[in-house]
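Observations on the three-dimensional arrangement
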Amino acid sequence: MQSSDTRAGLWCVVPAAGRGARFGAERPKQYMPLAGQPLLAWTLQRLAASRDIAGLMVVLAEHDGYWPGTESIAGKPVLTTSGASERSGSVLAGLRALPASVVPGDYVLVHDAARPCVRGADIARLVTEACAAGGGLLAAPVRDTLKRADDGLRVAATEPRESCWRALTPQVFRRGELTAALEHAAARGIAITDEAMAMECMGHHPLLVEGADSNIKVTTPADLALAEYLLLDAAGAASSA
């Protein structure tokens with residue numbers, strides 16, 4: 001199976017078709033203001049700044065009235081396509097809409113629109129380590145004690161955390177293999193929560209690459225405030241360096 005040299009940069013699919021119902025705002029959370037610009041703008045800028053990313057495929061809701069029509073960021077192409085009601089369907093739409101130059105054997109990144117604090121160093125390490133291992137994802141070891149609850153919200157048991165990791169994004173897999181995995185899950189009605197899960201259903205064992213805990217996913221207004229703090233803190237550190 002033909003595969004391009006990862007040094008040329010990979011395309012990144014960014015599913016951004018969600019409504020953000022849990023956020024409870026008047027607009028989708030990816031368009032909420034964050035430190036002077038929409039959350040999605042921060043995410044795309046962080047991705048485009050990576051030397052490992054060649055282009056962005058942003059998957060939008062049909063009739064998205066908030067998308068500004070961006071065609072390039074940092075000299076890298078930004079393409080769009082329409083997504084689905086579920087994240088996995090949007091990722092699949094994005095994979096299918098990639099340029100023909102991205103062949104089935106090429107690695108493709110997938111990154112949540114609501115993760116604006118991803119670090120370039122983490123993306124670089126993911127591409128280097130996971131592509132050499134057949135695919136993988138950024139993740140963070142669970143550091144808190146885990147409790148399993150019963151139906152009455154009382155502690156049923158304390159779970160071992162030594163082998164538990166929180167899945168982050170980006171995640172990276174070959175275009176053809178990930179497309180087939182998502183199609184397989186959709187045909188069988190399997191609810192897929194991330195790309196690694198789809199690959200697991202096909203018998204793969206994605207590599208876990210440790211990423212920064214600051215790579216948070218904005219789900220609530222409190223998360224948005226934390227993301228602003230992290231972004232401004234990083235900007236301040238960079239300016240004083």
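In the block above lies the structure referred to throughout.
This report concerns the structure included in the present document. (Residues numbered from 1 in each chain as written. Predicted model: local features only at pLDDT ≥ 70, side-chain atom pairs only at ≥ 80, totals over all residues. Heavy atoms only, no water.)

Looking only at helices and strands, the protein chain has six helices and twelve strands in total. Against the 2.2 N^0.38 benchmark of 18 Å for 241 residues, the protein chain shows a C-alpha radius of gyration of 18 Å, consistent with a compact globule. The buried share of the protein chain, taken over its 241 residues, is 44%. In the protein chain, the proportion of contacts linking residues at least 24 apart, taken out of those at least 6 apart, comes to 70%. When the accessible surface of the protein chain is totalled, it reaches about 12100 Å², and 52% of it is carbon and sulfur. Positive and negative side-chain charges of the protein chain, numbering 23 and 26 respectively, have mean locations separated by a distance of 1 Å. (Helix = DSSP H or I, 4+ residues; strand = E, 2+ residues; numbered from the N terminus. Rg over C-alpha atoms; globule rule 2.2 N^0.38 Å. Buried < 20%, exposed > 50% of the residue type's maximum accessible area, 1.4 Å probe, protein only. Contact = heavy atoms within 4.5 Å. Areas by Shrake-Rupley, 256 points an atom, 1.4 Å probe, with all protein chains shown as cover. Lys, Arg positive; Asp, Glu negative; His and termini not counted. Charge placed at Lys NZ, Arg CZ, Asp CG, Glu CD.)

Locating Asp223 in the fold gives a position in helix α6 (residues 221–240). Considered as a pair, Asp223 and Ala114 are 109 residues apart in the sequence and their alpha carbons are 9.9 Å apart. In this structure Asp223 touches Ile216, Lys217 and Val218, once residues within four positions along its chain are discounted.

In a regular helix each residue adds 1.5 Å, so 13 residues correspond to 18 Å; helix α4 (residues 175–187) covers 18 Å between its end C-alpha atoms and thus fits that length. Restricting attention to buried positions, one finds in α4 the residues Arg175, Leu178, Thr179, Ala181, Leu182 and Ala185. Along the long axis of α4, the arc covered by the buried residues comes to 165 degrees, so they all point the same way. The elements touched by buried residues of α4 are α2 (87–96), β7 (107–110), β11 (165–174) and α5 (195–201). Gly189 lies just past α4 and shows a positive phi near 70 degrees. (Expected span 1.5 Å × (residues − 1). Arc of directions from axis to C-beta.)

Our focus in this paragraph is the sheet that holds β11. The mixed open sheet is built from eight strands, whose spatial order is β5-β6-β4-β1-β7-β11-β8-β12. Whereas interior strands pair on both sides, the edge strands pair on one side only; in this sheet they are β5 (72–73) and β12 (207–210). On top of the sheet, α2 reaches β1 (10–16), β4 (53–60), β6 (76–82), β7 and β11; it is set at about 145 degrees to β1, its chief contact. Contacts between helix α3 (residues 120–132) and the sheet are confined to β1, β4, β7, β8 (136–141), β11 and β12, with β12 contributing the most and set at about 155 degrees to the helix. (Pairing = 2+ DSSP bridges. Axes fitted to C-alpha atoms, helices over the stretch in contact; angles between N-to-C directions.)

Attention now goes to the pattern of salt bridges. Following the criterion strictly, the structure yields ten salt bridges and no others. Its salt-bridge partner being Arg27, residue Glu26 comes within 3.5 Å of it at the nearest N-O pair. Of the residues examined, Glu26 reaches a relative accessible area of 61% and is grouped as exposed. A salt bridge links Asp213 to Arg166, with the nearest nitrogen and oxygen atoms 2.9 Å apart. Of the two residues, Asp213 is situated in the loop between β12 and α6 and Arg166 in strand β11; the sequence distance between them amounts to 47 residues. Judged by relative accessible area, Asp213 falls into the partly exposed class, the value being 38%. A cluster of three or more residues bridged by salt bridges with shared partners is formed by Arg87, Asp112, Arg115 and Glu195. (Salt bridge = Lys/Arg side-chain N within 4 Å of Asp/Glu carboxyl O.)

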